[in-house]
Amino acid sequence: KNTEVYNPDEAIQIAKRACELTSYKNAEILDTLAAAYAAHGDFSNAVDIAERALMLIKSAPDNRLEGQVKKRLDLYKTRQPYVEPEQEAKRINLSK
C-alpha cells in the first residue's frame, strides 16, 4: 500500500470532522467514515456508521447510493475493508 495516500487514521479524523460539520446528516460522508473505520480494522464502528448512512439514504428522495452502501456494509460485517477497484486507482494515478 502506498502510505502517501493510504492513511486510515488520518482518513478517520478528516471524515469525522466532515460529519461534524454536516451534523452527521450526509450519507456520502458517513459512508466515507465507515470505509475509513473498516480500513483501520474497526469493523464495529464501520457497521454502525454504514447502517446510519443507509437509514439516511432510505429516507432521501435520491437513493442511488443504497446498493453501493449495502455492498460495503456486507463487507464490514465479514470484517473486510472496502478497497476501490484497481482500475479506479489507476484512473486517478494513485496506484504505483
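Residues numbered from 1 in each chain as written. Predicted model: local features only at pLDDT ≥ 70, side-chain atom pairs only at ≥ 80, totals over all residues. Heavy atoms only, no water.

1. Quick look at the overall build of the protein
A count of helices and strands for the protein gives 5 helices and 0 strands. Overall, the protein shows an N-to-C arrangement of helices and strands of α-α-α-α-α. Relative to its 96 residues, the protein shows a buried fraction of 28%. Put simply, of all contacts in the protein between residues at least 6 apart along the chain, 47% involve residues at least 24 apart. Total accessible area on the protein is roughly 6,600 Å²; 49% of this is exposed by carbon and sulfur atoms. (Helix = DSSP H or I, 4+ residues; strand = E, 2+ residues; numbered from the N terminus. Buried < 20%, exposed > 50% of the residue type's maximum accessible area, 1.4 Å probe, protein only. Contact = heavy atoms within 4.5 Å. Areas by Shrake-Rupley, 256 points an atom, 1.4 Å probe, with all protein chains shown as cover.)

2. A short note on helix α2 (residues 27–40)
The terminal C-alpha atoms of α2 lie 20 Å apart, and with 14 residues this matches the ideal 20 Å at 1.5 Å per residue to within 8%. Turning to α2, its buried residues number three or more, namely A27, I29, L30, D31, L33, A34, A35, A36, Y37 and A38. Contacts from the buried residues of α2 go to α1 (8–21), α3 (43–58) and α4 (66–77). (Expected span 1.5 Å × (residues − 1).)

3. Focus: the packing of aromatic side chains
This model, assessed by the stated rule, comprises 0 aromatic pairs. One cation-aromatic arrangement involves R72 over Y82; the distance from NZ or CZ to the ring centre is 4.9 Å. (Phe/Tyr/Trp six-rings, centres within 6.5 Å; stacked < 30°, edge-to-face > 60°. Lys NZ or Arg CZ within 6 Å of the ring centre and 35° of its normal.)

4. Here we look at the packing of α1 against α2
Contact geometry of α1 with α2 gives a least axis separation of 8 Å together with a crossing angle of 155°. Compared by their axis directions, α1 and α2 come out roughly antiparallel. For α1 against α2, the interelement crossing comes out left-handed. Of α2, the residues touching α1 (which contributes P8, D9, A11, I12, A15, K16, A18 and C19) are I29, L30, T32, L33, A36, Y37, A39 and H40. (Axes fitted to C-alpha atoms, helices over the stretch in contact; angles between N-to-C directions. Parallel < 35°, antiparallel > 145°, perpendicular 65-115°, else oblique. Left-handed = near helix turned anticlockwise from the far one by under 90°.)

5. Thoughts on the side chain of E66
Among the structural elements, E66 can be located in helix α4. In this structure, E66 is in contact with L54, I57 and K58, ignoring residues within four places of it in sequence.

6. Observations regarding unusual backbone geometry
Although it is not a glycine, S23 sits at a positive phi angle of roughly 55°. Mapped onto the secondary structure, S23 falls in the loop between α1 and α2. On the accessibility criterion, S23 (48% relative accessible area) is partly exposed. One non-glycine residue, R79, lies in positive phi territory at about 60°. With a relative accessible area of 56%, R79 lands in the exposed category.

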